[in-house]
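# What the coordinates show
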Amino acid sequence: MKYPVSLIALALAAPLAQAADLAAGKAKVETVCAACHGANGASVGDAIPNLAGQKSVYLENQLKALKDGSRKHQVMGAIAAQLSADDIANVAAFFAAQPGAAGTAKSAFLPNLAKTGVSFPEGYRDTFTWYHTINFPATKQVRYYYANPAAMKAAKEGKDLPNGAYLFAEVYSTKLDADKNPIKGSNGFFVADQLLFYTAMARDSGWGQDIPALLRNDEWNYAVFTGAKQHRPGVNQAECLACHKPLDKVSYTFTLKELATVANAK
Ligand code: HEC
Ligand code: HEC
């Protein structure tokens, strides 16, 4: 008896195709993806998609595209890059199996990721060193970056930033001209107007232990402070961790080069 070649290929391939492992998918979702997409696939915020009840093949295709970079998103790309083919199949099958979420449904942040060890660095103007400035034309902001002595010392010595390091940024609106464009000073930087908020990253012993490996930045924690020096509500530390995560070779710090340049000049 003769079988078409395609059927033989199918028969041979079938035992190799593993069924997705829903329990493994659930475990990964509850520890990592839940921080943004919710444990049942109803996301934590309006800019993050619900995944509950989405087709599993579609989810797999998106994760593969995010992993290989053909679909670009800084935060989600950094996460997808760390998923194996099995992880992708498992989480996709898990989300596909959840009842579809209503557009208005919203999950809470994961408590271990909402918690931060970073507190406001009182007196930083006296003890920290200004090391960098960046214009942000799209948001009409200018940011000033500061580092504490522990960060400065390590940067000067060319070492990884150690526990006790603290990096801090002041975020200002800019003075606007008649056309509502930011006014530039003679140094090329936008002229600061109002202080809007502060962003911070700092590290200390044990600060990474409750953060899942896929998001953990060694022992760094992150925070945003209001102009009144209070923790800004609604900050999802998972987003900070995910976006800074690929910088593991440079102390998770985007501006390490600028920091080292200033530290070496001192
Ligand atoms: C730090 C927040 C965050 C975490 C953690 C996170 N995601 Fe995402 N994810 C996003 C955001 C934001 C988008 C939207 C990307 C875009 O706008 O292109 C997204 C998009 C996706 C998409 C594409 C959805 C679509 O409709 O095309 C998939 C699939 C996905 N995430 C799966 C996962 C999985 C699986 C995990 C856990 C391993 C995970 N995400 C963890 C923030 C996160
Ligand atoms: C989409 C990616 C992305 C996310 C999300 C993100 N960052 Fe960053 N972060 C950057 C980039 C890029 C820089 C470099 C300078 C800049 O853009 O301010 C930076 C710089 C910083 C710095 C100065 C030290 C350094 O790494 O150069 C601090 C402090 C900081 N971020 C804190 C935070 C906090 C707190 C959060 C979460 C609320 C956060 N970041 C979320 C991309 C990100």
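What counts, and where the lines are drawn
- Residues numbered from 1 in each chain as written.
- Chains lettered and ligands numbered in written order.
- Predicted model: local features only at pLDDT ≥ 70, side-chain atom pairs only at ≥ 80, totals over all residues.
- Heavy atoms only, no water.
- Domains from an automatic or database assignment.
- Buried area = accessible area lost by both parts, 1.4 Å probe.
- Salt bridge = Lys/Arg side-chain N within 4 Å of Asp/Glu carboxyl O.
- Polar contact = N/O pair within 3.5 Å; in protein donor to acceptor, adjacent residues only side chain to side chain.
- Helix = DSSP H or I, 4+ residues; strand = E, 2+ residues; numbered from the N terminus.
- Nonpolar A, V, L, I, M, F, W, Y, C, P; charged D, E, K, R; others polar.
- Buried < 20%, exposed > 50% of the residue type's maximum accessible area, 1.4 Å probe, protein only.
- Expected span 1.5 Å × (residues − 1).
- Contact = heavy atoms within 4.5 Å.
- Near = heavy atom within 4 Å.
- 1 Å grid on protein atoms, 1.4 Å probe; cavity = no way out; pocket = protein on both sides within 12 Å on 5 of 7 lines; lining within 4 Å.
- Sits in = over half its atoms within 2 Å of the grid points.
- Pairing = 2+ DSSP bridges.
- Axes fitted to C-alpha atoms, helices over the stretch in contact; angles between N-to-C directions.
- Parallel < 35°, antiparallel > 145°, perpendicular 65-115°, else oblique.
- Left-handed = near helix turned anticlockwise from the far one by under 90°.

### Thoughts on the domain arrangement of the chain
If you check the domain split of the chain, you get domain 1 (14–105) and domain 2 (124–265). On a C-alpha basis, the centroid separation for the pair domain 1 and domain 2 is 30 Å. The largest share of the area that domain 1 buries against domain 2 comes from Val32, Val75 and Gln82, three residues that together contribute 42% of it. There are 0 salt bridges connecting domain 1 and domain 2. There are 2 residue pairs in polar contact (both at pLDDT 80 or more) connecting domain 1 and domain 2. Secondary-structure elements contributing two or more residues to the side of domain 1 that touches domain 2 are helix H2 (22–37) and helix H4 (74–80). For the side of domain 1 that touches domain 2, the per-class residue count stands at 9 nonpolar, 3 polar and 1 charged.

### Observations regarding the pattern of salt bridges
Side chains carrying opposite charge are able to pair once their charged atoms draw close together. By the definition in use, this model includes 12 salt bridges. Here lysine 115 ties to aspartate 210 by a salt bridge, and the two come within 2.9 Å at their closest N and O atoms. Placement of lysine 115 in the loop between helix H6 (111–114) and helix H7 (124–127) and of aspartate 210 in the loop between strand E4 (192–203) and strand E5 (220–226) is noted, with a sequence separation of 95 residues between them. With a relative accessible area of 36%, aspartate 210 lands in the partly exposed category. In this structure, aspartate 193 engages lysine 175 in a salt bridge whose closest nitrogen and oxygen atoms are separated by 3.2 Å. One end of the pair, aspartate 193, is in strand E4; the other, lysine 175, is in the loop between strand E3 (166–174) and E4, with 18 residues separating them in the sequence. With a relative accessible area of 35%, aspartate 193 lands in the partly exposed category.

### Here's the deal with H2
Helix length check: H2, at 16 residues, gives a terminal C-alpha distance of 17 Å against a target of 22 Å (1.5 Å per residue), a shortfall beyond 12%. Taken residue by residue, H2 has Gly25, Val29, Val32, Cys33, Ala34, Ala35, Cys36 and His37 as its buried positions. Turning to H2, the residues buried within the fold contact H4, helix H5 (85–96), H6 and helix H9 (237–244). Looking at the residues trailing H2, positive phi occurs at glycine 38, about 80°.

### Description of the site of ligand 2
What surrounds ligand 2 is a group of 23 residues, the closest being Tyr145, Cys240, Cys243, His244 and Thr255. Within the side chain of tyrosine 145, a nitrogen or oxygen atom sits 2.4 Å from an oxygen atom of ligand 2. More than half of the atoms of ligand 2 fall within 2 Å of the grid points belonging to the largest pocket. Grouping the constituent residues of the shell around ligand 2 by class yields 16 nonpolar, 5 polar and 2 charged.

### Quick notes on the site of ligand 1
If you check the shell around ligand 1, you find 21 residues, and the closest are Cys33, Cys36, His37, Arg71 and Met76. At 2.8 Å, a side-chain N or O of histidine 37 approaches a nitrogen atom of ligand 1. Separating an oxygen atom of ligand 1 from a side-chain N or O atom of arginine 71 is a distance of 2.7 Å. Elements supplying a minimum of two residues to the shell around ligand 1: H2, helix H3 (56–68), H4 and H9.

### Digging into the pairing of E5
Counting buried residues along E5, 6 of its 7 residues qualify, which places the element largely inside the surrounding structure. Summarising the sheet, E4 and E5 pair through 7 bridges and their orientation is antiparallel. If you follow phenylalanine 197 over to E5, its bridge partner there is threonine 226.

### Some words on unusual backbone geometry
Apart from glycine, the bulk of residues carry a negative phi angle, and the bulk of peptide bonds sit in the trans form. Despite not being glycine, lysine 180 has its phi angle at roughly 65°, a positive value. Positive phi values are uncommon outside glycine, yet aspartate 218 reaches one of about 50°. Here aspartate 218 lies in the loop between E4 and E5. Taking the relative accessible area as the measure of exposure, aspartate 218 reaches 38% and is therefore partly exposed.

### A look at the packing of H3 against H5
It is the contact of H3 with H5, at a shortest axis distance of 8 Å, that shows an interaxial angle of 140°. By the angle between their axes, H3 is oblique relative to H5. Judged by the twist between their axes, the crossing of H3 over H5 is right-handed. Here H3 contributes Ser56, Leu59, Glu60, Leu63, Lys64 and Lys67 to the contact with H5, which in turn contributes Ile88, Ala89, Val91, Ala92, Ala93, Phe95 and Ala96. Looking at the contact of H3 with H5 residue by residue, the classes come out as 9 nonpolar, 1 polar and 3 charged.

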